[in-house]
Each structure stands twice: as structure tokens, then as C-alpha cells.
Amino acid sequence: MKRKSIFIQFAILAISLLVASGCEKKLDELAENQTYTSGTDYTKTSDMIKPLIGIYVKLSATEWENYPLISVRGDDVNAGGLGDQQDFSETDKFKYNKDYWMYNSVWQNHYIKITNSNSAIEQILKYKEFASNKALADQYIAEVKVLRGYWLLQLSRIWGAIPIPMDPDPTTLYVAPLSTKDEVMQHISDQIDEALPFLVDLRPNERTDIPGGVTKHTALAVKALVNLELKNYQKVADATGEIIKSSKFTLEPDFYNLFKIKGKLNNENLLEMQYSDLGSGTGDNYSYLYAFFGPEGWTPKVAGAGGGWGFFEPSIKYIKFMLNRGEVTRLQTSVLFTDRGIAEIKKDPAYLNLPSWISKTTPSGDVLNDYARAMFASGKHYLPSELLTPGRTDYGTNQNMICIRYAEVLLMYAEALTQNASGSAGSADDAVNAVRNRAGLSSISGVTNAQVMDEKFAELAMEWGTRFYDMVRLGKTEELSYEGRSFATDKTFLPYPQAQVDLLPILKQN
Amino acid sequence: MKKSLPLKQVIPWAKALLLLLVLSLLETSVFGQGRTITGIVSDAQTNETLPGASVLIKGTTKGVSTGIDGKFTTTLAASENTLVVSFIGYETKEVIVGAENNLTIQLTAMRTTLDAVVVVGYGTTKVKDLTSAITTVKSADLVKTPSSQPMQGLQGKVAGLQVVANGGPGNSSTVRIRGIGYFPGVSNESPLYVVDGMFFDNIDFLNPSDITSISVLKDASALAIFGVKAASGVVLIETKSGNYDQKTEVSYEGYGGYQYAQNVVKMANAEQFTTMALESGSAADKTSIDMAMQRYGRSRVNPNVPNINTDWYNEILRPALIQNHSFNVGGGGSKAKYSIGANYFSQEGILDMKNEYQRFNLRAKVDIKATNWLTIGGNVVLSDATKYSEQAGAWNQAYFAVPILPVYDPLNTAAAPIDFANAKDIGYRDSQNPFPALTYNTDRMRINKTLANFYMEFNLIPKALTFKSSYNHSYTSLEQRVINLPYDIGQGVANLTSDVTKAFSTYSDHIWDNVLTYTKQIEKHNFTVMAGTSYRDDGYQMVRAQGEDFPTDPEQSWYITQSGTIPVAGVGDGGYRQYGLSYFGRIAYNFDNKYLLYATYRADGSSKYQEKWGYFPTLGAGWVLTEEDFLKNNSTVSFLKLRGSWGKLGNNYVQATTGALTSDVVKWPFGGVVYNGTISNSTLSSLKWELTEETNIGVTARFFKERLTADLDYFIRITKNAVIPVSVPGTRDVIIKNAGEIKNSGFELSLSWADQVTDKLSYSIGGNISTLKNEVVDLYGQPYIDGGSAEFRQRSIVGEPLMAFFGREVIGVYQNQSEIDADSVAIINGLVPGDLKYKDQNGDGIIDDDDRVVLGSYFPSLTYGINLGLTYGNFDLSVNMYGQNGNKVLNRKRGEVIWTPGLNMDADLAENRWHGEGTSDFYPSSAGLRKGWNQKMSDFFVEDGSFFRIQNVQVGYRINGKKLFGGNFPETKISFTADRPLTLFKYHGFSPEVANGIDSQTYPVPSTYTVGLNVKF
């Protein structure tokens, strides 16, 4: 009896230990709730578009701080937002702080987009092996290359010499050499040349597979932008000329509404970041954080519409420049006024009598109240409250943000021609006047380079720091030394973010 | 056939009956008028007489104590026949007085606290055999603290244990044992809780009255047997169980009372605020003051101040109810023992909204000796709780909200359904008023936890070899419902549509343990050998969905399916399934109770990491000096043991990694149509076990017949391969790598003294003190890792504590223009009098971010507790105190001024601001507060977090032996408790007790006053 029970006990013990060790293979189970890249079925080539879509998402779903840092340093705009983000305001005044979080963040954001692009190219290549339409794979890769180039352009314009990530694995940056700004620009230009043969000859809004996607013309525009940086004006004239000659693009006659809902997938746009509330007052909303630009205090025409943070204030210098030119359409579109701002302009006796249309009420009936952080707000980042989808209240939501538009292409063409490049898409006068006429100004003839640059100032203010990069390129430091600022060429580039210097010793040498 | 009682059982009954009969006869004849009894009390072993022993007549409060010769004299009334004799250090004895009038009573020395059984992993041992640092706290000490959280009762009672209350009802406390040995953010800092063998991350589901004892395991020698998760320490919890051959004991314990906010921050009032606003030089702020005067009128006391003076903290605070009722029944026969219980706890929050916690627990435990070789048992704890969480944002909103704004504003016609005031109406950027969020938002969590286990213990060789197999399952279901009801307070501050989010999660964790234990004594050699396996299976599932625009009335309509819109982005799910397998063993050896050796080994396998197996050995040794001839039977030193241990521990709270390339699915609209895409990730994390190595040296000592006990420990704990975030250049990607090294070290000392002065009066006094030094040793070659936010930087620097506050050092305030003119820094930066003066740390004549230094750490370097106990007759008093030193708190509420100038501030800042030469050398001027220069992270925002607190005061009165309706009145105790009635500190906030050192919306810890009743029969 006793022996039997001990036998039973040992049997239980043995079984327990056996079962336990049988559990060992459970340790090799994969983690749950993940999509494993290794599990991707590359033979399902209908999915080949997905990595490309991912990169377009990276374009639109952009972090809010990128645009402010890229765009703030010109004489067209001031930081605004007084009392908040002090180092942003200091940056506007060319006092740089390498430890400021925004520098590091913008650096990281762009490098992430670039390594994601490298990764997407690798993914598309894997689909290409099985794809029946291999040209389509080449086209997708070409599109990624253009966007990758656009982001590299932004990075190098801010920081000058940078390491170029060539691999999907960002740790390869540890061994990447530092490329000078010219080398970066040349690299982008070369990449675009590689891409061009595979891209579709359409206007982005003509694309049905990805509305607003990159086309041959987008690539040419980016190529023009980088060659402008290289002062390679002939290449600028060639690239922009090709876009103009395609006759695919037109200037939106209604300049004011180009920066509103009407501007979405407009015939003027070559590249844009897209947002949508899907036409519904509730539910999913894909939005940019326009509140950054919005007035801090306002009485919207449609009650309940939210205001903003009061950053990104058009400069008085710009306003006076526009008033001097007798501009109405473009000034009214670009600047929202407050009473305090109007009073500030009038402090200059030369501007005591302002045109009657200058008022705290926008053309769309929203009223700006005085607020401490800024005197003006950017009109190009303003969506009238009456254009909000009912039910939505976030400032500016559902509005797209245009990255490159045809007016800039025309003006780059004119700029190149006035820098002694030859063009086959008409004269510099033609290009400049097209832009002027749309803005309600009369034609001029025999345009000089200075006139083109003024035209760019008037047309492209508050857009992507174009003014700042133009003035830096032309060495016009006196233009940037305004309203108490003092710019010198050694202030062209921001210092590398300290966190990146700590990681990449190569950045220390500079 | 009629059954008759066996003779064996009849005899005792007969004897008792006879005795009673004799006694009752005696009562009438002999003791009619009472009788005088004399006696002598002595030690049963040595026959030494015991002076000062208490001799009490049972059922009364009458008593005497023995004289210097151990003798006593007392008088018994007719109805009295039993003496209760007690003496400190001896077991209490009841003596039934027979015919003899002169008694000799011998007391047996108590099996000392050194013989007390301590629970260790997968077994038990005696205190005197320990080579490691373990502190056990009994239930009686836990239940003194009125709290939903059992760990709260341990605050200040265990050296090396930091408990930080998280004030909201039902929120679990932050618990740290000997600092933290991992990088914050990559791991869970809580220790491992082992409740009757089951592993938990927290024990917020247990009622303190469910618990018999809590043991805190501190050093590697004790912890390593739990290898897998032991690196942050282990807390062993035993729920109540019955005893064999114990009569049924029914008890009720309950208390009820109120909680009040304490140390409420005094805010600037309307007049102070107005002064600050006008001094700021900001036109916008002046405008707001004017608008407030226009809207609400002018104060009749000071016509330049608006006629509103809202004390926002006063508005959002309320006294709150707390109550607890628990019933426990326990007992056992020769073959089975049992314990069952039920308890109800409810607590309101002191925040004036639907903020409360209720919990109903049921519990049953049974152990059955099925045969002489098999014991079977099981245990179920069922906990059903509902928690309405606080809107934590209210705590800082009430700080910022300007005092010139009322709660309600009848002029605010845009507001609906309630006319809450909106600060935008008087020109401020935000609405400020915390009440819309408090009124229209609720966050309800239903928490159901079940812990169940079943075990079979086979006695293979009697008293030598046992095999125990136990299966534990814990199942948790969390059901969260977040409701945002629609409201509008004008100026775009509105939630136009109702919004419901529901999240359902379940955790299902299983542990199957098999343990073989062998005990053997060969002459003076004592062995205990244990070997076992443990298999774990942890599963988690979560589903979440959201609905907008549902009918808001009645509450029964608050469902996603009743909603007009169900956003796709609101739908999500998640889950994991993780497996673990372990093999472990232990050898405990002692020679003649003099030399102790202890070793354990554990091999842990986990599916969580790429390197599957980790190995965790430990060694401990002890030397009991009082067993040596030169100290044996020493009159002063009753017990002295030196002990040391070393071991390795694992930490698997570190998040799992995929160890493979993964892709994210992303969605975005192009041309207004949503497309799906993928973004593939090219950085790869691969992890192995985090390994902690700990060395502990300690002394356990008892003096003066154990009246004085002392425990001293010194430890060094080094976490090697600490998982740290390693930044990938050029990306925001941070991969986690086993590449850091973190060191914690410190001293822990506990002392206690207990004595019985007279038969009625006894007292005890105890204290503990611990030091902690936390230091980063290596960060994979990175000089530092940044944490916190950019504006309020925290940095982990090699050689400094983890996540130290990092910023500039204020050395004063510029007092006048000549001081400015003489300072190039002031000139370059355009400073004016009233601006802060920073220390130029690197001496380059420029003040910039290179002048930042470590401003302190949120870890206290010193914590201490003091416990006092006093018993006099039926009264008892206990007082616990707790304090900490050396920790810093980031006053993030003051820091808010960085983003939004013009908001309110505390009265101290308003009163002591710089406003003219000599007015302040630390606070900037009102204008200065809004200036970027003064808003840099500095020790202006980082304050001393030291505090001292009277933790708990309890007065009890015991009613014993009273008659009621002719029957015995049950043993009853009435008590009054003041929990945390007083806290002293310098910090400018509600409480410096902030788990992560950042005080932005810390729930204040209330003072609680309760009346309690315990009844036992």
C-alpha cells in the first residue's frame, strides 16, 4: 500500500518535470501584434504601392515644428508667439542655441524621412523581382527619390554640410562622410536625373493612382531648387523651362483662395502636403497643426472656431514693402492685421494713411482681436472659419499646405534668365508678368534680377523660407539685418544639434 | 446499532464537568467574601524570579505586578478564578486557581522573534537562520493605515523601502526597494509582488485586511530564487489562513472617516495677482485686469482690483468619505483549516468631481490533510472594484487660473448647459476654468481580478522529503469608459459632440510550480535542499473603440453603437503572449546553528528576449557569534549574527522587443480618399537579460534579553547590461540595448526597544534609517542621455544620479542698474534689475547652456521612520513618523509661466518677488518672470523636497470581559486614527511627495481621520 502511493507520487513528479521541460519550445514564440517585414509576401505585387504610399504619408503627416524652423529666418516673417519658445524667437534673431530641442527634432524628423525613403526603395525593389510591370516599380522608386531629395534639400539649407544617408539602416551614418552643401545639392540633382526617365508626364492632380503624387514636373522643380542653391542658373532655366513648356500648369486666378480650400490639388501645385476631414464634421481628421500660425485672440465669423498660438508674424518690413508697391491682393492674402499691428505701422509717419481695406477683419469676415504674442498673423496659413466643415473647430484644419507651386517655377525661370542663363520657354518678362497680372499688378518690361527678387519677396513671403535662402545665396546680408537684427554670413547655417554632435563625432570638426 | 462515544473522548469531558462542579461548590462555600492569593513568578528554565511581571485577574481590569523578589498578592472575588500572568519576553500564561492560596507560577521564555518563521521563495526559514535582508510587517500594523493600498501601510516601517502615495482614490502607490536599478522609461519600477505564489505587478486589488503578513525581500540572497523579475526587489504577501485545531474565530474590522486636503498651497489673491500683472509691464495683462473690472465690477476694498477673488483650490477641493468593513472567519480541525472573508472599501476623492473608488473582495482559503502523505489546498481571492479617476489636469489648472475669474459667469451667454466662466472673455489665451473638465468628463474603470490557486503537497518521506505542485492563475479584466459630454463655454472652448471611448483589456497569467524539498539533520549538520521548476504563461489582450455624438441623457445611452460616428482611428487592439520557464534550487546549511551557508541558483528562460536564457546564482553566509563560547549566554548581547551575501538578479520588466524588422501600417487621405501604406523600420533592437549584481553585508543583533533589536545592512547593487535607450544618429529612433551600468548603494539601520514597565504599562520605540546613492556608471559610451522635456531638462550623466535635474544655478538677482552695468553678461543679454543672475560654471564669461549643472535628483538620499507604541491597561497608543531628505522636486506649476505668461501663481512667489532693490535675492521680478532669460531651467524651479510627517496616530481602547445581556461581550476595540495629520516641508506645493519628482498635477495626499471598531468572538 505504502509502496504503491510512493510510486504514484514519483510518477506525478516525473510527469510534472517532463511537461515542464516540454514547455521549453514556447520560448521561441514570436512577439504578438507585429507585422514582420520578413513575413511580407513580395509576390503580391499589388501591394508594391504600399511602401510608396508610406513615403507620401511621411510627407503629409509631418511634424509641426519643421515648417517653422525652415521658414522663420527671413525678413518676411518674425517668430511671433512672444513669451513662448524663446529659443525659436532667438533663432529668428540669428542667435542660435545648439541645445534647442527644435533643432534636434527637425534634424531627426528629416533623417527619419530619408532613411524611411531608403527603406521604401529597398522594399519596392523586392516587389520588383516578382512584378510583371517592372517599369511601375521604377516609377515608384523614382518618386521616392524625388521626395528624398526634397528633404535633403531642406536639411542642407539649414545646416550646410551634412552626412547623406545612403542605406536603410541609420547606423551606417556612423561611418558616413560629411558632404558639403554643394555636394548634397549635386547629389540631389543627380538622383533626380536618375529618376526623371521613369516619372509620369502629368500634373500631380491629374494622377488617379495617387492624387497629388510626384510627377516629372515635381522632379524638375526640385531639380531647379537645388541648382538654384548651386547657382547653376542654366540648369535652373532648363528645368523650369521644361515645366513651363509642358503647358500643364496654370496660375490660380483667385490668389486669396489658392491658400484656402480651393488650393487643394490646384492646377498651380507641383507638390503639396494633403489634409482632410473626409468631408465630415465628426470622425477621423487628418490635419496639420495650423494652430501654430493662428491668431491667439479672434472673433470668428462662425462661432466656436478655434484660434491659434500666435506664432509666425509677418514682418512690418514686408508689410511696408508691399504697401510701397501698392499691392492689395497679395498683401491681403499674406497678412492678417490686428488693431495693435495697424497702430504700430502708423507709428511711422510715412504710413499714417493706410488703405481703407487694411483692417482687423479679414476678407472672409473673421475679426482678429489684439493679443500679446504678435501683431499680425500669416494669411497664407489661415482658413476662414466659414470654410471649416461644420463640426470642426481646429484652426485651419482640412487645408492643404503647398510646397512648390507654379508661380515659384516661373519666378525661378525669370531669376535664372536675369542671371544670364538662356531659356527656351519665353522671356523673363513673360514669366514675371504672368505672376504680376494674377496679383492685379500691371506688366513691366526689361525685368532686372533685382525686380525678380522683389517679385519673389512679394509672391512667396511666408512660404518655406524662400526669401531667406534667396538673400543668403545672393549675399544680401543687409536685407536680413532688419528690425534690430544683425545678420552675417557666419549665421547662414544653424549649429548642429548638440545631441547629434554627441552621436556623430564627424560633426564635431565643424 | 446505536453509536456510543468512545471512552477516550468521554474522559476529558467528564473531567471538565467535574472540575466545574467542584469550582461551583467551592465558590459558594469557601470564597463567599473573596480570598487573598499570594504567589511567586519565576523563569521555568532557570528558576530565577521575575520582578515586574503582570498578574491580572481574567475578565477584569484588576491586576498587580510582582515585586523585586518576584512575589505578588491579590484578592479574588467569588466569581473570579483565573489569573493571567505575563512578562515581556515570556509566553503569557493563564492559571486557574484551585484550592491552593499560595501559587508558584513558572513562565516559559518566549520562542523569540528569532524563531519566527519567515517566508522565502518556495519555502520558509527562521529569522535566526537568515543570511539575507528581509523585513516582515504583520497585518496589525498594516490595517492601522486607512487606505485602499496595502503598501501604503508600510511607509516608514521598512528600511530601504520607499513608498510614495499617489493620492487619487484607488491609485496604487509607487514602491521602490533600494532605489531603482534600471533606466527610467524602459522598465517598470515596481517590485515583484508574490501573493500566495502568484506573481503580480501591483497589489492594488488586495484589502489590507486580506493579508496576514508582508515580507520585503531586499538583497540578492533572498531575491535570486525569483531570478526572473527580482531585480527591483520582491514583496511576498501571504493572505490570511486558518490554523489546525483552532476554534472558529469570527471578526469584524471596520472604520469610517473623512479625508481633508492638507498643506493646500496658498495662491495669490486678486489683489496680489493684480499687482503682479500691473508690474509685469505687459499691456495684454493690464488689458485683462481692465476687462475683468468692466465685466465683474471693482472691489469695494480696493477699487483698482476686480470684484472677484476666487480661491480655485478651495473651489475644487472637498472633504471626502472613506470607509472599510471586513469580516473574517478562520479556524480548523485536525484535518482541515480554513479562512474566508469578505470586505468592502470605499473612498471618495478630495477632488470635487465624480472621483471615487469602491472595492468588494471575497476570499476563501482551505487546506486539507487528505492522507498522512498528501495535503491539498486552494485559495481564491476575488476583487471587484470600480474607480472613477480624477481629471488630473484640474490640479494645475487650479494653480494657473486667475483669481479674478469667477467659477460661474451669468454674463457668459455662450456657455451651455452650465454658465461656467471663461477666461478668454477677459482676454486670456485659455479658458482656465477647471470646472468644465471636472463636470463633463468622467473616466470609469471597472477592475475585476481573480487570483486562484490549487496545490498538492506530497509527503514522500515523513519530515524529510516533500513534493509540492501548485498551479496559480490570475485573471484581470479592466473595462474603461471615458466620457466627454458636450459643452460650450464660448470663444471656441467647447466640446461640441459627446465622445465615448471604451477599452477592454484582460490579463490572464498562469504559473505552475513544482518544488521538491528535502530536510535532513545529521548530528550538528542541518540541511535543507530544494529543487523546482516553474512555468509561466502570461497573456494580454486589449480592444478599444470610440464613438462620437451619442444621446447624452440618460447614462444608459452612453454606448458606441448609439453614436452617430465611429471614427476608424479610434479603433485599436493589442496583445501579447509571453512564456517563461525556470529551473531553480536552494541549499541551506547550518552547523550547530553557528555557521550558516545559503545558496540558490535559478535558470530562467523567456520568450521575451532574443537571448532566451539567464542564470542567477547567489551565495550567503552567516556567523552567529552568540553561539560561540566567548559570547554564549552573555547578559547584554542576547544574539549577534554577522551575515553577507552576493547574488545576481534578472529584470524582465524591460519591454519585449521583436528582434526583427517590422513595418507599420499607415493611413492618409490623398485627394480626400484614405490610402493604406507601410513604413518599414530599419532599426533593430535585440535584447538579453538585464543583470543586477548585489552584495549585502549585515548584522542582526538583540540586546538586553531582546528588548533591543538592531539590524544593520550595507548594500551595493550594480545593474550590468542595463537596458538603456541608445539613440540612433539622425533619427528619433532609439533602440534599446543592454549597454548601461547603474549603481545603487546605501546603509540601512533598524533599531527597536520594547519594555514592560509595570503590569499595565508597556511601551516600544523603534526607528529605521536608510541612505541611498544612485549613480550612472556607464551609458554605452554616451556621455549622457537626456530625459524630461527640453524646457525642463533631466539628464542621466555618467557619475551622477539617473534623470537628475539639469540646469543653471541661480546666484542671485540683479538689484540695481550699477550692478547691471558692471556685468558684461547682463549687458550682452539686455538684462535689467529684477532678472536672475546665473553662475558662470565654465568661466567663459558667457552664460549659455554650457553653464548647466546637475541641480539634484528626485531620489531621497536619506529616509527615516520612527515608530512609538504605548499600552496602558486597556488603552493603547501608536505613533508613526516618516521623513526623507535630499530629494528635489521640479515645481512644474511655477514653470508653466514659460508657455503662458499672465497666469496666477502661489502667494509665496507673489509676495516675495523682486520689486525693488533688496526685496528678493532669489525670485525675479514680475516682468522678469515673463522673460526668456529667467525661464531657463534653473534651481529657481527645482526645490528641496525634504519633508517630515506624522504618518499615523492611533488611540485604541479595548473592552474586555464585560457582560452583555447575560452573555460575554465579544472582545472589542474602539480606535481613533489620524493618518498623516501633519507634514512639514519647505517646498512650495501641496506635497513634496512626488514619485518622479515632477510636480505638475500631483494629487495631494489628504489627512484622514477615522473611527474604527474591531470585534472578535
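Along every chain, residues carry numbers that run from 1 in the direction the sequence is written. All chains are assigned letters beginning with A, and all ligands numbers beginning with 1, in the order in which they are written. Only residues with pLDDT of at least 70 are given local features in this predicted model, and only at 80 or more are side-chain atom pairs given and counted; all residues enter the totals for whole chains, interfaces and linings.

Asks: Can you tell me about the overall build of chain B, naming the residues and giving the values?
Replies: Helical segments are the DSSP runs of H or I of at least four residues, strand segments are the runs of E of at least two, and each set is numbered from the N terminus. Scanning chain B from N- to C-terminus turns up 13 helices and 54 strands. Compactness check: chain B gives a C-alpha radius of gyration of 33 Å against a globular reference of 31 Å for 1017 residues, within 12% of the reference. Buried residues are those with 20 or more other C-beta atoms within 10 Å of their own C-beta, exposed residues have 12 or fewer, and partly exposed residues lie in between; C-beta atoms are placed from the backbone. Counting over 1017 residues, chain B shows a buried share of 46%. Residues are defined as contacting one another if the C-beta atoms placed from their backbone atoms lie within 7 Å. Counting contacts in chain B only where the partners sit at least 6 residues apart, residues at least 24 apart contribute 68% of the total. Atoms counted for the radius of gyration: C-alpha only. Globule rule: 2.2 Å times the number of residues to the power 0.38.

Asks: Describe the overall build of chain A, listing the residues and the values that go with them.
Replies: Assigned secondary structure in chain A consists of 19 helices and eleven strands. When its C-alpha atoms are laid out on the principal axes, chain A stretches across 115 × 50 × 50 Å.

Asks: Just give me the short version of helix α16 (residues 449-460) of chain A, but keep the residues and values in it.
Replies: Residues and elements named next belong to chain A. One fewer than the residue count of a helix, multiplied by 1.5 Å, yields its expected span. With twelve residues, α16 should reach 16 Å at 1.5 Å per residue; the first-to-last C-alpha distance of 16 Å fits that figure. Residues of α16 that are buried: V452, M453, E455, K456, F457, A458, E459 and L460. Where the residues of α16 are buried, they touch α11 (316-325), α12 (329-334), α14 (406-418), α15 (428-438) and α17 (466-473). Once α16 ends, the next one or two residues include M462, with phi positive near 70 degrees.

Asks: Before we move on, can you summarise the sheet that holds strand β7 (residues 102-107) of chain B with the specific residues and values?
Replies: Residue and element names in this part refer to chain B. Read across the open sheet, the three strands follow the order β4-β1-β7; overall the sheet is mixed. With one partner strand each, in any of the chains shown, β4 (71-76) and β7 form the two edges of the open sheet. Here the average twist between neighbouring strands, direction ignored, is 30 degrees. DSSP calls a pair of strands paired once it identifies at least 2 bridges connecting them. Where strand β1 (residues 35-43) meets β7, six bridges bridge the pair, whose relative direction is parallel. Where helices are involved, their axes are fitted lines through C-alpha atoms of the stretch in contact, as for all axes, and angles between N-to-C directions lie from 0 to 180°.

Asks: I'd love a proper account of the domain arrangement of chain A, names of residues and values included.
Replies: Residue and element names in this part refer to chain A. Domains are outlined according to an automatic or database domain assignment. Segmenting chain A into domains produces domain 1 (41-251 + 268-276 + 402-509) and domain 2 (290-294 + 305-383). Measuring from the centre of the C-alpha atoms in domain 1 to the corresponding centre in domain 2 gives 27 Å. Domain 1 puts 21 residues into the contact, and the matching count from domain 2 is 24 residues. Counting only elements with at least two residues in the side of domain 1 that touches domain 2, the list comes to β2 (77-80) and α16. When residues of the side of domain 1 that touches domain 2 are assigned to their parent elements, the largest contribution, four residues, is made by β2.

Asks: Now, about the sheet that holds strand β53 (residues 998-999) of chain B: what can you tell me, with residues and values included?
Replies: Residues and elements named next belong to chain B. One open sheet accounts for three strands, arranged β48-β47-β53; its pairing is mixed. The open sheet is flanked by β48 (942-944) and β53, the only strands paired with a single partner. Summarising the sheet, strand β47 (residues 888-891) and β53 pair through two bridges and their orientation is parallel. Each residue of the ladder has a partner; that of N891, found in β53, is D999.

Asks: Summarise the nonpolar core; cite the residues concerned and give the values.
Replies: In this description, a nonpolar core means buried residues of the types Ala, Val, Leu, Ile, Met, Phe, Trp, Tyr and Cys, linked to one another by C-beta atoms lying within 7 Å. Core analysis: the largest hydrophobic core is formed by 132 residues, its most contacted members being V409(A), L410(A), Y413(A) and A414(A). Ranked by the residues each element gives to this core, the list is headed by helix α6 (residues 134-159) of chain A, at 14 residues. Two domains each put at least three residues into this core: domain 1 (41-251 + 268-276 + 402-509) and domain 2 (290-294 + 305-383) of chain A. Filtering out sequence-adjacent residues up to four positions away, A414(A) remains in contact with A428(A), A431(A), V432(A), V447(A) and V452(A). Counting residues in each nonpolar core, the second largest holds 89 residues, with I289(B), L831(B), W914(B) and F947(B) among its members.

Asks: Would you mind going over the packing of helix α7 (residues 181-195) of chain A against helix α8 (residues 216-229) of chain A in detail, with residue names and values included?
Replies: Residue and element names in this part refer to chain A. For the pair α7 and α8, interaxial distance at closest approach is 9 Å and the crossing angle is 155 degrees. Comparing their axes, α8 and α7 come out roughly antiparallel. Two packed elements cross with a definite hand, and for α7 against α8 that hand is left-handed. Between α7 and α8, the residues in contact are M185, I188, S189, I192 and A195 and A219, V222, K223, V226, N227 and E229, respectively. The residue classification treats Ala, Val, Leu, Ile, Met, Phe, Trp, Tyr, Cys and Pro as nonpolar and Asp, Glu, Lys and Arg as charged. All others, Gly included, are polar. In the contact of α7 with α8, the residues fall into seven nonpolar, two polar and two charged. Convention used here: angles under 35 degrees read as roughly parallel, angles over 145 as roughly antiparallel, angles from 65 to 115 as roughly perpendicular, and any remaining angle as oblique. Note on convention: the crossing is left-handed when the near helix lies turned anticlockwise from the far helix by less than a right angle, right-handed when the turn is clockwise.

Asks: I'd like to hear about unusual backbone geometry, residue by residue, with values.
Replies: Cis geometry is adopted by the peptide bond preceding P417(B), which originates at A416(B) and carries an omega value of -5 degrees. Geometrically, the link from D553(B) to P554(B) is a cis peptide bond, its omega value of 0 degrees lying close to zero. Within the secondary structure, P554(B) is located in the loop between β27 (525-548) and β28 (572-591). A positive phi angle is found at N420(A), which is not glycine, with a value near 75 degrees. Turning to its location among the elements, N420(A) is positioned in the loop between α14 and α15.

Asks: An account of the packing of helix α9 (residues 233-245) of chain A against α14(A) is needed here, citing residue identities and associated values.
Replies: Helix-helix packing: each pair is described by the crossing angle between the helix axes and the interaxial distance. Residues and elements named next belong to chain A. Where α9 contacts α14, the axes come no closer than 8 Å and their chain directions differ by 140 degrees. With respect to α14, the axis of α9 lies oblique. In terms of crossing hand, the pair formed by α9 and α14 is left-handed. Of the residues in α14, those touching α9 at Y233, V236, A237, T240, G241, I243 and I244 are V409, L410, M412, Y413, A416 and L417. Of the residues belonging to the contact of α9 with α14, the class tally is eleven nonpolar, two polar and no charged.

Asks: Break down the interface of chain B and chain A for me, citing the residues and quoting the values.
Replies: Interface size is often expressed as the accessible area that is lost when the parts come together. Taken together, the contact between chain B and chain A spans 71 residues of the former and 76 residues of the latter. Elements represented by at least two residues in the side of chain B that touches chain A include exactly α5 (283-296), β22 (441-461), β23 (465-484), β27, β28, β29 (595-606), β32 (662-670) and β33 (673-680) of chain B. Looking at the side of chain B that touches chain A element by element, the count peaks at seven residues for β32(B). Its residues assigned to classes, the side of chain B that touches chain A shows 31 nonpolar, 30 polar and ten charged.

Asks: So what's going on with the confidence of the model for chain B? Residues and values would help.
Replies: Residue and element names in this part refer to chain B. pLDDT measures how confident the predictor is about each residue, on a scale from 0 to 100. Averaged over every residue, the pLDDT of chain B is 86; the share at 70 or more is 92%. At the level of individual helices and strands, chain B shows its lowest average pLDDT in helix α1 (residues 7-29), which scores 44, and its highest in β48, which scores 95. Counting contacts from residues 1-14, a segment whose pLDDT is below 50, to residues more than four positions away or on other chains yields one contact. In the predicted structure, residues 16-32 sits below a pLDDT of 50 and forms six contacts with residues beyond four places in sequence or in another chain. In the model output, the complex is listed with pTM 0.72 alongside ipTM 0.87.

Asks: Describe the environment of A239(A), with residues and values.
Replies: All names here are of chain A. If you trace the backbone, A239 turns up in helix α9. Overall, A239 belongs to the buried group, with 29 C-beta atoms counted inside 10 Å. On a C-alpha basis, the gap between A239 and G475 in space is 24 Å, while along the polypeptide they are 236 residues apart. Filtering out sequence-adjacent residues up to four positions away, A239 remains in contact with L220, K223, A224 and N227.

Asks: Explain the pairing of strand β15 (residues 211-217) of chain B residue by residue, including any values.
Replies: All names here are of chain B. Burial analysis of β15 places six of its seven residues in the buried class, which makes it a mostly covered element. Both strand β10 (residues 134-138) and β15 contribute to a ladder of five bridges, which runs antiparallel. The residue of β15 that forms the bridge with I134 is L217. Across six bridges, β15 lies against strand β16 (residues 234-239) in antiparallel orientation. Counterpart to I214 in the pairing with β16 is I237.

Asks: Could you give an account of the environment of L178(A), with specific residues and numbers?
Replies: Residues and elements named next belong to chain A. Relative to the helices and strands, L178 is located in strand β4 (residues 178-179). Using a count of 16 C-beta atoms within 10 Å as the deciding quantity, one classes L178 as partly exposed. With 248 residues separating them in the primary sequence, L178 and G426 have C-alpha atoms 40 Å apart. When sequence neighbours within four positions are dropped, the list of residues in contact with L178 reads A161, I162, P163 and I506.

Asks: Just give me the short version of the environment of Q191(A), but keep the residues and values in it.
Replies: All names here are of chain A. Tracing the backbone shows Q191 in helix α7. Q191 sits in the buried class, given 22 other C-beta atoms within 10 Å. The sequence separation of Q191 and G396 amounts to 205 residues, and the corresponding C-alpha distance is 35 Å. Discounting chain neighbours no more than four positions away, the residues touching Q191 are K145 and G149.

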